[in-house]
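# Observations on chain architecture
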2 protein chains.
Amino acid sequence: MNDPNTPGWLDEIQWDDQGLVPVIAREQGSGQVLTLAWMNRAALTATVAEGRAVYWSRSRGRLWRKGEESGHLQKIHEIRLDCDKDAILLEVTQEGGIACHTGRHHCFFHKLENGAWRVVDPVLKDPREIYSRK
Amino acid sequence: MNDPNTPGWLDEIQWDDQGLVPVIAREQGSGQVLTLAWMNRAALTATVAEGRAVYWSRSRGRLWRKGEESGHLQKIHEIRLDCDKDAILLEVTQEGGIACHTGRHHCFFHKLENGAWRVVDPVLKDPREIYSRK
């Protein structure tokens, strides 16, 4: 379906039945995978326009400007799409060095070890401190 | 829902309404994001048991032992789960150096440049050659 009012590059993406695609944020320099989040057309359009990651929050049902409360925004260096055009990879700089709402550098801090998920990364900042900026 | 016949670490995962989770494969050493694919319980169980990535192919509706045709399997070094327990990150070695069915090193070879997706990574091996092993 091509909408003459939306740019072709947006229409090329294979949005799922909820109009979303999964988005991986990878940290430039370290190469660490920080987060997996979701975007709809509005989120990706805003990401490109603003040069910072704007996701669709499935739990809150609204656009989520990553860092809007915490200040921990993700500055965009590169946006890539995969072979099937149904997944996006962002190359970012993570402001504040904290991508996770738990106060950790990245979200993938549970490691499978001997049949159990073990927390293997430290909390860098107490979330109560991160989210009391307002 | 806890099934006494399945291990607790599998039950901790927040499977989506189709019983799937998105899975990122990251290459050990280079830190490159190779692929985003999907797993169900059977796929993740097989991945752990076999030490190689086994995905759920949504298009084929069956387990997909990555590399079963091409030989380009992904050897598992580490399995991680994110903060919300609804996304998985694998640390892998990519056999043959080719993760993508197009014959490229990784799947994220379209880069957004001036309002268009441009192919920026080379084909390392002709897919007709990769998939003619049988």
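Computed from a predicted model, the values in this text were never measured in an experiment.

The number of helices and strands found in chain A is three helices and eight strands. Overall, chain A shows an N-to-C arrangement of helices and strands of α-β-β-α-β-β-β-β-β-β-α. For chain A, the spread of C-alpha atoms along the principal axes amounts to about 50 × 40 × 30 Å. Expressed as a percentage of the 134 residues in chain A, the buried residues total 34%. Nonlocal contacts in chain A, meaning residues at least 24 apart in sequence, comprise 40% of its contacts between residues at least 6 apart.

Attention shifts here to the sheet that holds strand β1 (residues 21–27) of chain A. Sheet strands pair via backbone hydrogen bonds, and the direction of the pair is either parallel or antiparallel. In spatial order, the strands read β2(A)-β1(A)-β6(A)-β5(A)-β7(B)-β8(B); together these six strands make up an open sheet with mixed pairing. Looking at which strands have only one partner, the edges of the open sheet turn out to be β2 (33–39) of chain A together with β8 (116–119) of chain B. In this sheet, neighbouring strand axes are inclined to one another by 35 degrees on average, regardless of whether the strands run parallel or antiparallel. When strand β7 (residues 110–113) of chain B meets β8 of chain B, the two strands line up antiparallel, connected through four bridges.

All names here are of chain B. Residues other than glycine seldom take positive phi values, yet K85 does so here, at roughly 60 degrees. Checked against the element boundaries, K85 lands in the loop between β5 (74–81) and β6 (88–94). A residue is classified by how many C-beta atoms lie within 10 Å of it, and K85, with 14 of them, is partly exposed. Not every positive phi belongs to a glycine, and N114 is a case in point at roughly 50 degrees. Tracing the backbone through its elements, the reader meets N114 in the loop between β7 and β8.

Each side of the interface is counted separately: chain B has 29 residues, and chain A has 29 residues. When residues of the side of chain B that touches chain A are traced back to their parent elements, those giving at least two are β1 (21–27), β2 (33–39), β5, β7 and β8 of chain B. Among the elements that line the side of chain B that touches chain A, the one with the most residues is β5 of chain B, at four residues. Here the side of chain B that touches chain A is composed, by residue class, of 18 nonpolar, five polar and six charged. By the bridge criterion, two bridges tie strand β7 (residues 110–113) of chain A to β5 of chain B in an arrangement that is antiparallel. Looking at the pairing, H110 of chain A lines up with L81 of chain B of β5 of chain B.

Cut-offs used in this document
Residues numbered from 1 in each chain as written. Chains lettered and ligands numbered in written order. Predicted model: local features only at pLDDT ≥ 70, side-chain atom pairs only at ≥ 80, totals over all residues. Helix = DSSP H or I, 4+ residues; strand = E, 2+ residues; numbered from the N terminus. Buried ≥ 20, exposed ≤ 12 C-beta atoms within 10 Å, placed from the backbone. Contact = placed C-beta atoms within 7 Å. Pairing = 2+ DSSP bridges. Axes fitted to C-alpha atoms, helices over the stretch in contact; angles between N-to-C directions. Nonpolar A, V, L, I, M, F, W, Y, C, P; charged D, E, K, R; others polar.

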